[in-house]
Amino acid sequence: MKKVLMIILGLSGLGLSAQKKWSLRECVDYAVEHNLQVIQNQYSKQIQDVNLKIAQKNYLPSVSANFGNNVSFGQASLGTGSIRNDVFRNNANISADILVYNNGRLEKTTRKTQFDVEASQYDIETIKNDISLQIAQQYLTTLLNKEIVKISQSATENAKKQFDRAKITTEVGTTAQTIVAEAEAAWAREKQNLKTAEINVGRSLFALAQLLQLQDYKDFDVENVQIGDQLSPQLISVDEVLNTAYENQPQIKAAESRIKSAEAQTEITRTAFWPTLTASVGIGSFYNNLLNTNNVGSPLFYVNEKTIFNQYKDNFGQQGGISLNIPIFNKGITKLQVEQSKINESIAKNSLDQQKQAVRQNVQKAQFDVDANYEVYLAAKEAEKSTKLAMEFADKSYAAGRGTIYDLNIARNNYANAQGSVEQAKYNYLFSLKLLNFYAGIPLSL
């Protein structure tokens, strides 16, 4: 019995887990963490991080070791004749070289790479912001569709009550058969509207799950956030929002970093006009072994061949040197490369102007939408109030026998449409307000 109870509790837990409702913050956090485009740009950022490490390590000397073995057989020239010369040779050496001077090329390369790293990080933040805004818009669309479902449910219930009342009055002979037929038709239309509204909720949830790139979207749902009807106008000025956006928006910061990177690249290119000074040191030794004899020297004075260890000790040597490379003429290529770098600077500056223009247009549009949607919302509220009053009068007139069921259905349809318009205006205003606040540096939330 205990095992059965544990299984039931476990299945209940799974059911609760499957019914999890996502908040806007959870949707945004999940999207920016799992989105493939974000992950792709994170890889690009990692490449820039490695490039920075490479640039920093170029300050260190390069050290290499070389070991060689070779063997030869046959005759070797000796005067006018030849001598048998079967020999085995072995050598080993270690060398190091370091850049002493190149007009700061290494330091400038490191600085340029740092700017590239900054730009890559800002690119990631830009994509995260774009995804966050898409998530917020689709999330609000889902909430709007859920509100439309509530309106359709209320309209369906009222239509059902009207049908029940018409059915009773028709059965007792108070109203004609056409009244109950029209009431039933109105009920059917409202049920159709309700089903359409429910499908729209499922469609918007599916679209949101697609943005989140969820594998299993069938049980996906969002929290039922209550949005109040008392909306206040936006008081932040466009200039204040623009100043904040210019300082904080990552796409602008990325463009500024790329300008600095282009300027650093120009400085790097100019270092090719200057001499390059490098220093090198090395140590090494070698060993020779005559394979056809153990004697070395002239025929008048032979000595026994030394062992490998003794030869390595006796033949040990050191070296050091300084190399200066002075550019004199390379067909004017360096000068042209500097011109190219200057053009890239202009391109980067133009890109910054484009980003600022895009941000300015987005902020201005958001401000216009906020003002316009707020006015539309106020007008929709007035229309809702009027249509509700008209519906109530139509209902009373119908009940008193002075109005027709057709007039009542028209009044109810008008009221339902007015309710939908209020919700549409409310969520349009809410999104435009969230967008404007986003540019003002206020995080997305409900």
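Residues numbered from 1 in each chain as written. Predicted model: local features only at pLDDT ≥ 70, side-chain atom pairs only at ≥ 80, totals over all residues. Heavy atoms only, no water.

Quick notes on the nonpolar core
Working step 1: Counting 60 residues, the largest nonpolar core has C27, I135, Y139, L212 and F220 as its most contacted members.
Working step 2: Those elements giving two or more residues to this core turn out to be α2 (24–34), α4 (105–171), α5 (177–212), α6 (238–248), α7 (250–270), α9 (333–399) and α10 (405–439).
Working step 3: Of all hydrophobic cores here, the second largest spans 14 residues; its members include F163, I179, W187 and M391. (Core = buried A, V, L, I, M, F, W, Y, C linked by side-chain atoms within 4.5 Å. Buried < 20%, exposed > 50% of the residue type's maximum accessible area, 1.4 Å probe, protein only. Helix = DSSP H or I, 4+ residues; strand = E, 2+ residues; numbered from the N terminus.)

Quick word on the packing of aromatic side chains
Working step 1: A full pass over the atoms with the stated rule returns six aromatic pairs.
Working step 2: Centre to centre, the rings of W22 and Y30 are 5.3 Å apart; their planes meet at 85 degrees, and the pair counts as edge-to-face.
Working step 3: Residue W22 is classed as buried on the basis of its relative accessible area of 14%.
Working step 4: Among the aromatic residues, those joined into a cluster by ring pairs are W22, Y30 and F220.
Working step 5: Against the face of W187 rests K191, its NZ or CZ located 4.0 Å from the ring centre. (Phe/Tyr/Trp six-rings, centres within 6.5 Å; stacked < 30°, edge-to-face > 60°. Lys NZ or Arg CZ within 6 Å of the ring centre and 35° of its normal.)

Some words on the environment of Q56
Working step 1: In this structure, Q56 sits in helix α3 (residues 36–57).
Working step 2: When the C-alpha atoms of Q56 and T109 are compared, they prove to be 8.7 Å apart, with 53 residues separating the residues in sequence.
Working step 3: Other than its neighbours up to four places away in sequence, Q56 contacts T110 and Q114. (Contact = heavy atoms within 4.5 Å.)

Some words on the packing of α4 against α5
Working step 1: Orientation of α4 relative to α5, taken along the N-to-C sense of each, is 165 degrees, at an axis distance of 8 Å. Our classification of the angle between α4 and α5 gives roughly antiparallel. Between α4 and α5 lies a crossing of left-handed hand.
Working step 2: For the contact of α4 with α5, the residue count by class is 21 nonpolar, 14 polar and seven charged. (Axes fitted to C-alpha atoms, helices over the stretch in contact; angles between N-to-C directions. Parallel < 35°, antiparallel > 145°, perpendicular 65-115°, else oblique. Left-handed = near helix turned anticlockwise from the far one by under 90°. Nonpolar A, V, L, I, M, F, W, Y, C, P; charged D, E, K, R; others polar.)

Some thoughts on the pattern of salt bridges
Working step 1: Counted under the stated rule, the structure contains 19 salt bridges.
Working step 2: For the salt bridge of D116 with K112, the shortest nitrogen-to-oxygen distance reads 2.7 Å. Of this pair, D116 and K112 both sit in helix α4, four residues apart, roughly one helical turn.
Working step 3: Judged by its relative accessible area of 18%, K112 falls in the buried class.
Working step 4: Among the salt bridges present, the one from K342 reaches E345, with a minimum N-O distance of 3.8 Å. Of this pair, K342 and E345 both sit in helix α9, three residues apart, which is roughly one turn of the helix.
Working step 5: Connected through salt bridges with shared partners, the residues K21, K146 and D221 form a single ionic network. (Salt bridge = Lys/Arg side-chain N within 4 Å of Asp/Glu carboxyl O.)

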